[in-house]
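# Breakdown of the fold
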Amino acid sequence: MKAALFKKYGSRDSIVVSEVELPKIKEHEILIRVKATTVTAVDAIFRSGNDLFPRMATGLFSPRIKTLGTELSGVVEALGEQVNDFKIGDEVIADSGTNYGAHAEYVIVSDKDPIVHKPEGLSFEEAAAVPYGALTALPFLRDHGKIKQGDRVLIIGASGSVGTYAVQLAKYFETEVTAVCSSEKVELVSSLGADHCINYQTTKLEDIEDQFDIIFDTIGKYSMRVLKHLLSPQGIYLTTVLSLGSVIDMLMTKGTDKKSILALTGLRKNEDKTADLLFISELFNQKKLISVIDRKYDLDAIHDAFEYVSKGHKSGAVVVTT
Ligand SMILES: NC(=O)c1ccc[n+]([C@@H]2O[C@H](COP(=O)([O-])OP(=O)(O)OC[C@H]3O[C@@H](n4cnc5c(N)ncnc54)[C@H](OP(=O)(O)O)[C@@H]3O)[C@@H](O)[C@H]2O)c1
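Residues numbered from 1 in each chain as written. Predicted model: local features only at pLDDT ≥ 70, side-chain atom pairs only at ≥ 80, totals over all residues.

Further remarks concern the site of the ligand. Close to the ligand lie 31 residues, the nearest being Ser-159, Gly-160, Val-162, Ser-182 and Thr-240. Mapped by element, the contributors of at least two residues to the shell around the ligand are helix 1 (41–48), helix 5 (161–172) and strand 9 (176–181). The residue makeup of the shell around the ligand, split by class, is 12 nonpolar, 16 polar and three charged. Two domains each donate at least three residues to the shell around the ligand, and these are domain 1 (2–130 + 291–321) and domain 2 (133–266). (Near = placed C-beta within 6 Å. Helix = DSSP H or I, 4+ residues; strand = E, 2+ residues; numbered from the N terminus. Nonpolar A, V, L, I, M, F, W, Y, C, P; charged D, E, K, R; others polar. Domains from an automatic or database assignment.)

Here it is as structure tokens:
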């Protein structure tokens, strides 16, 4: 099978598409013929090797992960003897999590990993673009932000993979959503349900005079310190990006009225992720969510996908078909 091998940190030539042996399954594992996967902002950060925190997960000096990629859709090709919930030929969405390996024609996931049947109305491309963004936005808003009807929510980075789901889920929870995005993405973000848009290119967030119950900084470009005055008295600042600043903010605001929370949603228990993926699939079945795709690439052109994602301007997901 073909797989995109992660050879070294750096840019174009660090990912090499090669023929490798088809992996063998164990009794609780599922072999999936990958139809579509994505290159996420995290994949691009991992490939660059530029930051210390991500290198602690991927290898300090050289990559430990053979093949990147976590979210995927595909067809069940083979099953271990102890797998009960799926059969060969099932169309699925899965998140290979910290086992990675989705940038390939085949991937193995455990039956404990988040894997669900693909909603019928979704193409494989749309389905591949679900787990990363939705399984980040949902626990941030629901579990950490304690989102509730009527809340005023500010979503920074509303046009990205996490942001496009955050806007839609915040609307699902019946809140008033203000989205922060660039001028060319206002139309997209409004179509996802945002009530108001702030163009960060022309308006300094620090200078606006609104109050929000939740500020969800999906891209970690701001901080609680800078935007604290925009939080309501019990407001919560959510940030996705692990940095010294976000850790200090979280420690300093623990137990205070206005809180800053950093969470690493990828490290949640698999059973919680699976339950959430089922919930998200049901929202797709009910046509309450859509999956936003910016561009599509073939696996052979995955370097181009990485180059594009690394620029940080994508809308929703960049899909790779295999
Ligand atoms: N903690 C966790 O569990 C977790 C999980 C997943 C991801 N993450 C992190 O989440 C971050 C975001 O990921 P993502 O995949 O959603 O990113 P993404 O898909 O690359 O999207 C970033 C979006 O932000 C927009 N943007 C850039 N600068 C902006 C600004 N100043 N204000 C508002 N919008 C701006 C970009 O469009 P324009 O440039 O056109 O504005 C783009 O649409 C990554 O750093 C990743 O590491 C954390």
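A word on unusual backbone geometry. With phi around 50°, Lys-146 is a residue other than glycine that occupies positive phi space. With respect to the helices and strands, Lys-146 occurs in the loop between helix 4 (131–144) and strand 8 (152–156). Look at Lys-146 and you get exposed, because 12 C-beta atoms sit within 10 Å. Phi is positive for Lys-287, which is not a glycine, with a value near 60°. Looking at the secondary structure, you find Lys-287 in the loop between helix 9 (270–285) and strand 14 (293–298). On the neighbour-count criterion, Lys-287 (9 C-beta atoms within 10 Å) is exposed. (Buried ≥ 20, exposed ≤ 12 C-beta atoms within 10 Å, placed from the backbone.)

Within the largest apolar cluster, 92 residues are counted, with the highest numbers of intra-cluster contacts made by Ile-32, Ile-155, Ala-166, Val-167, Ala-179, Ile-215 and Phe-216. Of all the elements, helix 4 adds the most residues to this core, at seven residues. Residues lining this core come from more than one domain, with at least three contributed by each of domain 1 (2–130 + 291–321) and domain 2 (133–266). Setting aside its immediate chain neighbours within four residues, Ile-155 contacts Gly-163, Ala-166, Val-167, Ala-170, Val-177, Ala-179, Val-180, Phe-216 and Thr-218. (Core = buried A, V, L, I, M, F, W, Y, C linked by C-beta atoms within 7 Å. Contact = placed C-beta atoms within 7 Å.)

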